[in-house]
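# Working through the structure, step by step
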Amino acid sequence: IPAGAMATEAASRMTETAIIRCSALSNYADCNRRGAARLFWREIVAAGFRLRSTPRGIGAAIGASVHKAASVALDEKAQSGELPPASVATDAARDTLAEELGRGEIGFDNTTHTRADALRQVVGMSRTYLRVVAPQVDPIIVEERLEAEVSPGLILSGQPDVVAREPHRVRDLKTGARPAAGSHAPQIGGYSLLARTHGLDITEAGIDFIQRVGAGKPQPDPTSKAVAVAIAETAASNIIRHIEGDLRTFRDGDDARHIRPGDPWAFQANPASILCSPKYCPAFNTSFCQEGDPAKESNS
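Overview of the structure. Everything quoted here is computed from the prediction, not taken from an experiment.

Criteria and cut-off values
- Residues numbered from 1 in each chain as written.
- Predicted model: local features only at pLDDT ≥ 70, side-chain atom pairs only at ≥ 80, totals over all residues.
- Heavy atoms only, no water.
- Pairing = 2+ DSSP bridges.
- Helix = DSSP H or I, 4+ residues; strand = E, 2+ residues; numbered from the N terminus.
- Axes fitted to C-alpha atoms, helices over the stretch in contact; angles between N-to-C directions.
- Core = buried A, V, L, I, M, F, W, Y, C linked by side-chain atoms within 4.5 Å.
- Buried < 20%, exposed > 50% of the residue type's maximum accessible area, 1.4 Å probe, protein only.
- Contact = heavy atoms within 4.5 Å.
- Left-handed = near helix turned anticlockwise from the far one by under 90°.
- Nonpolar A, V, L, I, M, F, W, Y, C, P; charged D, E, K, R; others polar.
- Salt bridge = Lys/Arg side-chain N within 4 Å of Asp/Glu carboxyl O.

## As for the sheet that holds strand E8 (residues 223-227)
The five strands are arranged E2-E5-E6-E7-E8 in an open sheet whose pairing can be described as mixed. At either end of the open sheet lies a strand with only one pairing partner, and these are strand E2 (139-142) and E8. Mean inter-strand twist for the sheet, computed between neighbouring axes without regard to direction, equals 25 degrees. Bridge count for E2 against strand E5 (residues 162-165) is three bridges, and the pairing is antiparallel.

## Comments concerning the nonpolar core
Counting 49 residues, the largest nonpolar core has Phe 40, Ile 44, Ile 243, Phe 250, Phe 267 and Phe 288 as its most contacted members. For this core, the element with the highest residue contribution is helix H9 (residues 229-252), accounting for eight residues. Leaving out residues up to four positions away in the same chain, Ile 44 has contacts with Ala 36, Ala 37, Phe 49, Leu 51, Phe 250 and Phe 288. With 27 residues, the next largest nonpolar core counts Leu 74, Leu 101, Ala 118 and Tyr 129 among its residues.

## Describing the environment of Lys 279
Relative to the helices and strands, Lys 279 is located in the loop between H9 and helix H10 (295-299). For the pair formed by Lys 279 and Asp 138, sequence separation is 141 residues and the distance between their alpha carbons is 38 Å. In contact with Lys 279, not counting residues within four places along its chain, are Thr 54 and Pro 55.

## Notes on the pairing of strand E4 (residues 154-158)
With five of its five residues buried, E4 lies for the most part within the structure. Because side chains alternate across E4, one face comprises the buried residues Leu 154, Leu 156 and Gly 158, and the other comprises Ile 155 and Ser 157, equally buried. The pairing of strand E1 (residues 18-21) with E4 spans four bridges and is classified as parallel. Bridge pairing in E4 places Arg 21 opposite Ser 157. Two strands pair when backbone bridges link them, and strand E3 (residues 146-151) and E4 are joined in this way by five bridges, in the antiparallel orientation. Considered in E4, the bridge of Ser 151 is made with Leu 154. Adjacent in sequence and paired antiparallel, E3 and E4 are bridged by two residues, among which Gly 153 carries a positive phi angle near 85 degrees.

## As for the packing of helix H5 (residues 58-80) against helix H6 (residues 86-101)
Two elements in contact, H5 and H6, have axes whose closest approach is 8 Å; the angle formed by their N-to-C orientations is 150 degrees. Relative to H6, the crossing made by H5 is right-handed. Of the residues in H6, those in contact with Ile 58, Ala 61, Ala 64, Ser 65, Lys 68, Ala 69, Val 72 and Ala 73 of H5 are Val 88, Ala 89, Ala 92, Ala 93, Thr 96, Leu 97, Glu 100 and Leu 101. Counted by class, the contact of H5 with H6 contains twelve nonpolar, two polar and two charged residues.

## A few points about the pattern of salt bridges
All told, the structure shown has 14 salt bridges when counted by the stated rule. Notably, a salt bridge pairs Asp 221 with Arg 131, separated by 2.4 Å at the nearest N-O pair. Here Asp 221 is found in the loop between strand E7 (204-211) and E8, whereas its partner Arg 131 is found in helix H7 (residues 115-133), with 90 residues between them in sequence. What makes Arg 131 exposed here is its relative accessible area of 53%. A single network of salt bridges, built from pairs that share partners, joins Arg 56, Glu 100 and Arg 103.

Structure below.
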């Protein structure tokens, strides 16, 4: 173990409640160790390991801003039965973007070159959500944190964008320059499981995607995709139990696999992942993980 006896001793003392976020389920399946570094940062650092901060990208700031516009509009609809004027939602998006950009250095990209680009995009994306998606949604709860105990000391936590009467349906909003690779089913399944624990019988689920496009390009309408609830819940349940087992191994060790408490190999690494880089992984080329290609460090 890179951190030696310090990691073993510290890990064995950890008793704090651990949180599994629904939003982390899909990525955990791609690389368990990267997922653990994001989910259990404090516990891993307390065990003597060094983790790195990953850069904040403009895509995340724009996504947060569009989510704010959607939540403001749908929350008003949940309370009054009517959507507010579009300006209410776009003003919320503008304010959120200003807050995100004011939090420190942020990385722009090939789709969003400047702050002016970002502002134009959040307004256009928010308006298309208000025009196309929001009128179809009859919301019950909007951006409400739901939690349930998985096992003693382990909590599943999630904040679905909206639970709506369609009939009872979980909807999640995604934004990006392109649709994310892979499936969001485990995240949706986690939301559905949480909704059930709070008395909502979820029968349908879906993802709304709004594309972020460059300057001079018209804003595309959102696309919506149904997610099979039973399959999504099965995926979520299996990943949650896998995380539970990995965390237990990190804390207690596993003699059958020759893993001592505090050993990073309690969490399987996947250096073949396209996200195995210093840009995306807080464990990349640290004492917690040396499995990635060091050349990616100099190319980042």
